Amino acid sequence: MKSDFDKFIEEVEASRKNFWEETYPKMSLEEKKKYWLASTHKGMRTQGEAFADEYSEFSKEWYDFAKEHEPQFDEIFDYVTKNLGFEFDWKEFNKRIKK
């Protein structure tokens, strides 16, 4: 018998899978830009508050995941970085996404 925690994890994973396979592909380019902007802003803010390192959310695995799910990711992320409300450090970002 599955625990409540196991059921919860399965629901979260199913929801995530549904988002990337069903919801995200149907979004317009503008909606995708808004999604990545909000996600990046929240992630960087959270990482900054928790670890004093806004760029710690970025990794090669993160970048590979983004590229796998969004063929236009580089174009979209360029938009994102120009609209975050602060100067984005491309050197730091590139250091994080390389292995």
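It should be emphasised that the depicted structure is a prediction, and the values quoted were computed from it without experimental measurement.

Engineer: Help me understand the pattern of salt bridges in this model?
Structural biologist: As a working rule, side chains carrying opposite charge can pair if their charged atoms are close by. All chains considered together, the criterion is met by ten salt bridges. Within this structure, Asp53, Glu92, Lys95 and Arg96 form a network of salt bridges that share partners.

Engineer: Can you walk me through helix H3 (residues 60-69) in this structure?
Structural biologist: Turn by turn, an α-helix covers 3.6 residues, leaving residues three or four places apart pointing in a common direction. Among the residues of H3, those classed as buried are Trp62, Tyr63 and Ala66. The buried residues of H3 occupy an angular sector of 95 degrees when projected down its axis, which confines them to one face. Where H3 is buried, its residues contact helix H2 (29-51), helix H4 (73-82) and helix H5 (90-97).

Engineer: Teacher, can you tell me more about the environment of Ile76 here?
Structural biologist: Mapping Ile76 onto the fold places it in helix H4. Ile76 gets classed as buried once you look at its relative accessible area, which sits at 0%. Between the C-alpha atom of Ile76 and that of Lys32, which follows or precedes it by 44 residues, the distance is 7.7 Å. Not counting chain neighbours up to four residues away, the residues in contact with Ile76 comprise Tyr24, Leu29, Lys32, Lys33, Trp36 and Glu70.

Engineer: Teacher, can you tell me more about the layout of surface pockets here?
Structural biologist: Any empty space left between atoms is shown by rolling a water-sized probe over those atoms. If you add up the space inside the largest pocket, you get close to 210 Å³. Lining the largest pocket are Arg16, Phe19, Trp20, Tyr35, Trp36, Ser39, Thr40, Glu57, Trp62 and Phe65. Of all the secondary structure elements, the ones that give two or more residues to the lining of the largest pocket are helix H1 (4-23), H2 and H3. By residue number, the principal contributor to the lining of the largest pocket is H2, which donates four residues.

Engineer: Please clarify how the side chain of Gln47 should be interpreted in this entry.
Structural biologist: For Gln47, the location among the structural elements is in helix H2. Classification of Gln47 by relative accessible area gives buried; the value is 18%.

Reading the values: rules and limits
Residues numbered from 1 in each chain as written. Predicted model: local features only at pLDDT ≥ 70, side-chain atom pairs only at ≥ 80, totals over all residues. Heavy atoms only, no water. Salt bridge = Lys/Arg side-chain N within 4 Å of Asp/Glu carboxyl O. Buried < 20%, exposed > 50% of the residue type's maximum accessible area, 1.4 Å probe, protein only. Helix = DSSP H or I, 4+ residues; strand = E, 2+ residues; numbered from the N terminus. Arc of directions from axis to C-beta. Contact = heavy atoms within 4.5 Å. 1 Å grid on protein atoms, 1.4 Å probe; cavity = no way out; pocket = protein on both sides within 12 Å on 5 of 7 lines; lining within 4 Å. Points joined across faces, edges and corners; volume = space filled by probe spheres on them.

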